[in-house]
Amino acid sequence: MNFSEQSRLVHAGTERTAGAPLAPPLLATSTYVSQGEPEPGRGYGREGNPGWAAVEEALAAIEGPGAAAVTFASGQAASMALLLALADGRAAIVFARDGYYNTRALAARLRPHGAEPVTVDLLDLGAVARALGRGPTVLWAETPTNPLLRVADLARLGQLAAASGAPFVVDNTVATGLLQKPLEFGALASLYSLTKSVSGHSDVLGGAVVTRDPALAAEVRAWRTAGGGVPGPFESWLVLRGIKTLPLRIERQSANALALARFLAGHPRVTAVHYPGTSPATLEVARRQMAAGFGPLLSFELAGTAADADAVVGASRLVVPATSFGGVESTWERRARWAAETAPGTLIRLSAGVEPAADLIADIGAALQA
Ligand code: PLP
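Residues numbered from 1 in each chain as written. Predicted model: local features only at pLDDT ≥ 70, side-chain atom pairs only at ≥ 80, totals over all residues. Heavy atoms only, no water.

Things to note about the site of the ligand
Here is step 1 of the chain: Gln76, Asn146, Asp171, Ser193 and Thr195 are the nearest of the 13 residues found near the ligand.
Here is step 2 of the chain: The side chain of Asn146 places a nitrogen or oxygen atom 2.9 Å from an oxygen atom of the ligand.
Here is step 3 of the chain: A distance of 2.9 Å is found between an oxygen atom of the ligand and a side-chain nitrogen or oxygen belonging to Lys196.
Here is step 4 of the chain: Considering the ligand on its own, with 390 Å² of exposed area, one finds that the protein chains cover 92% of that surface.
Here is step 5 of the chain: Tallied by class, the residues present in the shell around the ligand amount to two nonpolar, eight polar and three charged. (Near = heavy atom within 4 Å. Polar contact = N/O pair within 3.5 Å; in protein donor to acceptor, adjacent residues only side chain to side chain. Areas by Shrake-Rupley, 256 points an atom, 1.4 Å probe, with all protein chains shown as cover. Nonpolar A, V, L, I, M, F, W, Y, C, P; charged D, E, K, R; others polar.)

In structure tokens form, the structure reads like this:
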């Protein structure tokens, strides 16, 4: 019998032999005892650590059958390996115009070794088709996007990518494989910042590439070994500890985010709310491709100035002013405080934690009076 992905997450890395520690051991080492021809992954610490394998097993489980995962020191390290692996011989990499700005910035930095980054609105399928027609390209989608939470149609994007022969990548950081399985929509790879919901406790950076393609897995693993963007043993241990409760957290956080989106939509100071579970134009697509919840992240825009939005963020007593998302504690920030961010000036990105929804609504309601 195949147990559910939730059960496989809980038991990832757990040994069942008599006398084995139930909690996965933390194996801190930079090298292994060996002589002669080294055992694969056991020659030197940059080649492998048993802690990586457990995290990779868990991540592969949530992306569906046949998947393999390769973990990295951060989401950006994972993106860099994947960009380098896919860029060879391509003219362009097509990104979501409103996706995570640092991925585009990274691609621009890699330009001498990569392909030209171009941006499109992924909801405009004609524009996507035109961008893919510029020669050999990579389609690098993100849905829901950070920070506008726009939902692109993965099935349609998968068809467009297949028709033009473009490798199709989906940044699955916001939804995670528990809510959305890009590989089932034709994606070659699913990209993760493990720093967010997967680890879930705001205490570690990590990243991963998940794919069903053994050649791509080998290629990004080779970039990891050569480039050195490896996860530390303790970081892997923290990610594994966090991932076991991902289903519980994401369920609660999705419910909280939905309650907050509804509350904010009715507030007189709020001019727009962005959440996959309440945005009418894409709700049907979101329901089709996001199972069991719409994720922890939402954003909203305020009437007034950037200073007004800063005052609201500074007035909360429970929600923490901080960047990042997906942690157990609710956090928020005015997103355009980051110079390279293209979000509207008064947009506040809010990550719903696991606190009771009533507390969050009370706190945010009071802060909105600031
Ligand atoms: N992808 C998305 C959607 C992100 O939001 C982030 C970080 O915020 C990353 C990738 C990069 O991840 P990391 O910060 O772990 O390098």
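Thoughts on the pairing of strand 1 (residues 68-72)
Here is step 1 of the chain: Counting buried positions along strand 1 yields four of five residues, so the element is predominantly enclosed.
Here is step 2 of the chain: Inspection of the sheet shows strand 1 paired to strand 7 (residues 207-211) by five bridges, in the antiparallel sense. Counterpart to Thr71 in the pairing with strand 7 is Ala208. (Buried < 20%, exposed > 50% of the residue type's maximum accessible area, 1.4 Å probe, protein only. Helix = DSSP H or I, 4+ residues; strand = E, 2+ residues; numbered from the N terminus. Pairing = 2+ DSSP bridges.)

Observations regarding the sheet that holds strand 9 (residues 297-302)
Here is step 1 of the chain: If you walk across this open sheet you meet the five strands as 8-9-12-11-10, and the pairing is mixed. Looking along the sheet, the strands with just one partner apiece sit at the ends: strand 8 (270-274) and strand 10 (320-321).
Here is step 2 of the chain: As paired strands, strand 9 and strand 12 (residues 347-351) are joined by five bridges and run antiparallel to one another. Its bridge partner being in strand 12, Phe300 is matched across the sheet by Ile348.
Here is step 3 of the chain: Across the sheet, helix 12 (residues 306-315) is in contact with strand 9, strand 10, strand 11 (331-334) and strand 12; its angle to strand 11 comes to roughly 160 degrees. (Contact = heavy atoms within 4.5 Å. Axes fitted to C-alpha atoms, helices over the stretch in contact; angles between N-to-C directions.)

Focus on helix 8 (residues 214-227)
Here is step 1 of the chain: Along its 14 residues, helix 8 runs 20 Å from first to last C-alpha, staying within 8% of the 20 Å computed at 1.5 Å per residue.
Here is step 2 of the chain: Of all the residues in helix 8, the buried ones are Leu216, Ala217, Val220 and Arg224. Within helix 8, the buried residues cover an arc of 105 degrees as seen down the axis, which keeps them to one side. Facing away from the buried side of helix 8 by over 90 degrees, the exposed positions are Pro214, Ala215 and Ala226.
Here is step 3 of the chain: Each element contacted by the buried residues of helix 8 is listed here: helix 2 (50-62), strand 1, helix 3 (75-87), strand 6 (189-193) and strand 7.
Here is step 4 of the chain: One side-chain oxygen at the N-terminal end of helix 8 lies 2.8 Å from the backbone nitrogen of Ala215; it belongs to Asp213.
Here is step 5 of the chain: Within two residues after helix 8, Gly228 carries a phi angle of roughly 85 degrees, on the positive side. (Expected span 1.5 Å × (residues − 1). Arc of directions from axis to C-beta.)

So, the packing of helix 2 against helix 9 (residues 233-243)
Here is step 1 of the chain: Packing of helix 2 against helix 9 brings their axes to within 9 Å, and their N-to-C directions diverge by 30 degrees. Relative to helix 9, the element helix 2 lies roughly parallel. When you trace helix 2 past helix 9, the crossing you get is left-handed. Seen from helix 2, the contacting residues are Gly51, Trp52, Ala54, Val55, Ala58 and Leu59; seen from helix 9, they are Ser236, Val239, Leu240 and Ile243.
Here is step 2 of the chain: For the contact of helix 2 with helix 9, the class distribution of residues is eight nonpolar, two polar and no charged. (Parallel < 35°, antiparallel > 145°, perpendicular 65-115°, else oblique. Left-handed = near helix turned anticlockwise from the far one by under 90°.)

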